[in-house]
Amino acid sequence: MRDQSASEGRLIKIRRRDLNRSRPAVLGIAVAIAAFGALAQKPDDHLSKSTTVQEIEKYRAALGDGNPAELWEARGEDLWKQKRGPRNASLERCDLGLGAGVVKGAYTVLPKYFADSDKVEDLESRLVTCMVNLQGLTPEEAKKDPFGGPGKKVPMDALVAYITSESRGMKMNVAATHPKEKEAYELGREIFFFRGGPHDFGCVTCHGSDNLRIRLQDLPNLTKTADAQRAYGSWPAYRVSQGEVRSFQWRLNDCFRQQRFPELEFVSPASIALTMFLAKNANDGVFDAPSIKR
Amino acid sequence: MKNIHIVILGLAVTAAGCAGVTQDEQATHAKAVAIMKASFKEHGQAKLDRLEQDEVQKACSRYHGDTPVPKDVAAKLEQAQMAAIKYPADGKYMGDWKGGERIAQTGVGMQYTDDPKAPTGGNCYACHQLSKTELSYGTIGPSLYNFGKLRGFTPEMQKYAYGKVYNSEAFSACSNMPRFGAQGILTEKQIQDVVALLMDPESPVNK
């Protein structure tokens with residue numbers, strides 16, 4: 001099925017007729033099958049993988065066939081080329097790290113120091129910079145509503161979906177050589193291990209050891225290369241349970257919310273430092289996003 | 001000349017070593033805290049004071065992975081945290097295990113998206129196995145299945161369980177487990193219900 005608004009050559013494959021209606025039903029059936037099948041089991045120990053977890057993994061693998069994120073990617077490509085803002089300009093001259101207008105592979109080198117803003121920037125921060133410098137938006141306008149929601153389409157997650165899709169299959173290659181890049185990495189590491197809030201949580205609480213899971217959600221050990229590569233290379237993702245494409249800025253924001261911290265500001269220095277820490281730890285991993293998650 | 005330089009260098013290194021943190025580490029940590037404060041905003045019940053670390057959080061941010069808590073630091077922390085445990089005035093450690101199961105299943109409370117007036121949960125199943133029939137459990141903490149059955153249904157064990165839920169840091173410095181009583185996450189009654197979930201012979205945990 002060819003989406004009329006998509007750019008030339010981009011074919012949208014929509015495998016499910018009505019995503020909103022069928023999604024909860026598919027999830028419900030999968031969970032019911034898993035629970036029913038596992039009821040006869042004895043309580044397992046941590047070393048064996050329960051039937052429940054295996055069934056959920058099978059469900060996730062089945063989801064990979066037909067990713068709704070393609071709709072965001074198409075919308076993002078349109079927005080990249082669309083003239084917007086007081087300057088009536090597109091984002092096509094935006095430097096994402098590999099030179100003005102180069103989208104292919106750009107996500108693999110981010111976060112990066114940019115001379116024009118004199119700071120280390122991740123993808124979303126860079127998009128804000130370009131919306132301001134090229135399109136004439138104010139920083140507040142560019143940062144407004146970064147995350148989509150029910151009935152609310154926003155430009156940011158579509159642009160992220162498009163730009164990251166142009167790095168799919170390529171290896172993460174964050175340089176972290178500039179002094180500010182090195183500093184961002186060290187600060188990101190401090191923040192990763194920072195324990196606070198009423199629950200004493202830090203990123204490290206869930207992501208600092210091997211083979212943990214929270215309820216049935218596997219937790220990558222982000223201090224270890226293999227897990228970091230796999231995890232960082234899977235964001236952004238279409239989150240089935242939310243019906244939205246979620247970016248890495250969103251993931252950090254939502255982690256801190258659940259850690260009982262106050263709200264992490266969009267493209268804030270701490271968010272970029274943390275992204276630098278995690279992205280560099282994922283170097284040489286194959287980037288495979290936008291992916292699809294529960 | 002050379003000897004004086006060596007002595008001064010030695011003193012400087014010792015001074016830093018006594019604090020246990022190098023000057024570089026201190027500077028990086030201070031800068032990280034500064035950018036955090038500039039990167040978060042208050043939202044609902046989550047105010048910026050949640051970024052202020054207490055003694056436990058400050059110390060435990062430094063010990064992780066291949067750098068475990070040194071024994072002397074751990075002993076001091078545990079002692080101080082033990083003193084902070086408030087046991088029930090009437091000496092009753094056990095409540096109702098059905099209430100405990102609800103608390104163990106509930107993960108809401110104290111997030112800025114939560115209603116401050118609604119009861120807070122303990123979210124025990126996020127990290128622990130508890131009853132036999134709940135298959136959706138986490139592995140961040142050890143399994144608590146048959147907790148009372150394995151340890152004996154004694155008043156001493158009830159008191160231990162109460163203290164552990166109230167303030168895990170008193171027993172295991174830099175534990176990943178929240179301090180449910182000491183940090184005001186769960187009420188006394190709620191902790192009594194959780195103790196019942198663990199220690200009541202009739203609780204599904206002990207079946």
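Above this text you will find the structure in question.
Here is a short report on the structure shown in this document. Counting restarts for each chain, with residues numbered from 1 along the sequence as it is written. Whichever chain is written first is A, and whichever ligand is written first is 1; the rest continue in order. Thresholds applied to this predicted model are a pLDDT of at least 70 for local features of residues and 80 or more for the giving and counting of side-chain atom pairs; totals over whole chains, interfaces and linings are not thresholded and use all residues. Hydrogen atoms and water are omitted, and side-chain values are computed over all heavy atoms in the structure.

Attention now goes to the layout of surface pockets. The method is simple in principle: a probe with the dimensions of a water molecule rolls over the atoms, and the space it marks as empty is what remains. We place a 1 Å grid over just the protein atoms. Points where a 1.4 Å probe fits but has no way out form a cavity, open points with protein on both sides within 12 Å along at least 5 of 7 lines form a pocket, and any residue with an atom within 4 Å of a point lines it. Grid points are joined across faces, edges and corners, and a volume is the space filled by probe spheres set on the points. By volume, the second largest pocket is sized at about 1,000 Å³. What lines the second largest pocket is a set of 31 residues, among which Glu190(A), Ser61(B), Arg62(B), Tyr63(B) and His64(B) lie closest to the centre. For the purposes of this entry, the term helix denotes a DSSP run of H or I that reaches at least four residues, the term strand denotes a run of E that reaches at least two, and both are numbered from the N terminus. Residue assignment for the lining of the second largest pocket shows that the elements contributing at least two residues are α7 (179-192) and α11 (269-281) of chain A together with α2 (23-37), α3 (55-60) and α4 (71-83) of chain B. Top element by residues in the lining of the second largest pocket is α4(B). It accounts for five residues. Its residues placed into classes, the lining of the second largest pocket shows nine nonpolar, 11 polar and 11 charged. Under this grouping Gly is polar, as are all residues other than the nonpolar Ala, Val, Leu, Ile, Met, Phe, Trp, Tyr, Cys and Pro and the charged Asp, Glu, Lys and Arg.

Moving on to the environment of Leu71(A). Of note, Leu71(A) is situated in helix α3 (residues 69-81). C-alpha separation for the pair Leu71(A) and Gly233(A), spaced 162 residues apart in sequence, amounts to 20 Å.

Turning our attention to the interface of chain A and chain B. Each side of the interface is counted separately: chain A has 43 residues, and chain B has 54 residues. Together, the buried faces of chain A and chain B total about 4,600 Å²; carbon and sulfur atoms form 58% of this surface. What makes a salt bridge here is a side-chain nitrogen of Lys or Arg within 4 Å of a carboxyl oxygen of Asp or Glu, nothing more. At the junction of chain A and chain B, the tally comes to two salt bridges. For Glu183(A), the salt bridge is made with Lys31(B), and the minimal N-O distance between the two is 2.6 Å. Counted as a polar contact is a pair of N or O atoms within 3.5 Å, where, for protein atoms, one must be capable of donating a hydrogen and the other of accepting one, and residues adjacent in sequence contribute only when both atoms are in side chains. There are 25 residue pairs in polar contact (both at pLDDT 80 or more) connecting chain A and chain B. A contact between two residues is defined here by any heavy atoms of the two lying within 4.5 Å. Buried area: the accessible surface (1.4 Å probe) lost by two parts on joining, summed over both.

On to the packing of helix α4 (residues 123-133) of chain A against helix α6 (residues 155-165) of chain A. Residues and elements named next belong to chain A. What counts as an axis is a line fitted to C-alpha atoms, over the stretch in contact for a helix, and the angles between N-to-C directions run from 0 to 180 degrees. Here α4 crosses α6 at 115°, and the two axes come no closer than 11 Å. In this structure, the crossing between α4 and α6 has a hand that is right-handed. Residue-level inspection shows Leu123, Glu124, Leu127, Val128 and Met131 of α4 in contact with α6, the latter providing Met156, Leu159, Val160, Ile163 and Thr164. The residue makeup of the contact of α4 with α6, split by class, is eight nonpolar, one polar and one charged. Left-handed describes a crossing whose near helix is turned anticlockwise from the far helix by less than a right angle; the clockwise case is right-handed.

This part takes up the state of the cysteines. Cysteine sulfur atoms that come within 2.5 Å of each other are treated as a disulfide pair. Summed over the entire model, instances satisfying the criterion amount to two disulfides over all chains. Disulfide pairing is shown between Cys94(A) and Cys130(A); the S-S distance is 1.9 Å. Around the S-S axis, the bridge from Cys94(A) to Cys130(A) shows a dihedral of about 80° and counts as right-handed. In this pair, Cys94(A) sits in the loop between α3 and β1 (112-114) while Cys130(A) sits in helix α4, placing the two residues 36 residues apart along the sequence. Among the residues examined, Cys130(A) registers a relative accessible area of 4% and is labelled buried. The side chain of Cys60(B) participates in a disulfide bridge whose partner is Cys174(B); the two sulfur atoms lie 2.1 Å from each other. Here Cys60(B) and Cys174(B) share a disulfide; its torsion about the S-S bond, -80°, makes the bridge left-handed. Of this pair, Cys60(B) sits in helix α3 while Cys174(B) sits in the loop between α7 (155-166) and α8 (188-199), placing them 114 residues apart in sequence. Unpaired in terms of disulfides, Cys206(A) finds its nearest cysteine sulfur in Cys127(B), a separation of 6.5 Å. Residue Cys206(A) is classed as partly exposed on the basis of its relative accessible area, which comes to 22%. The buried label applies to any residue whose accessible area, calculated with a 1.4 Å probe on protein chains only, is under 20% of its type's maximum; exposed applies above 50%, and partly exposed to all values in between.

Without other data, these values stay purely geometric and don't point to any function.
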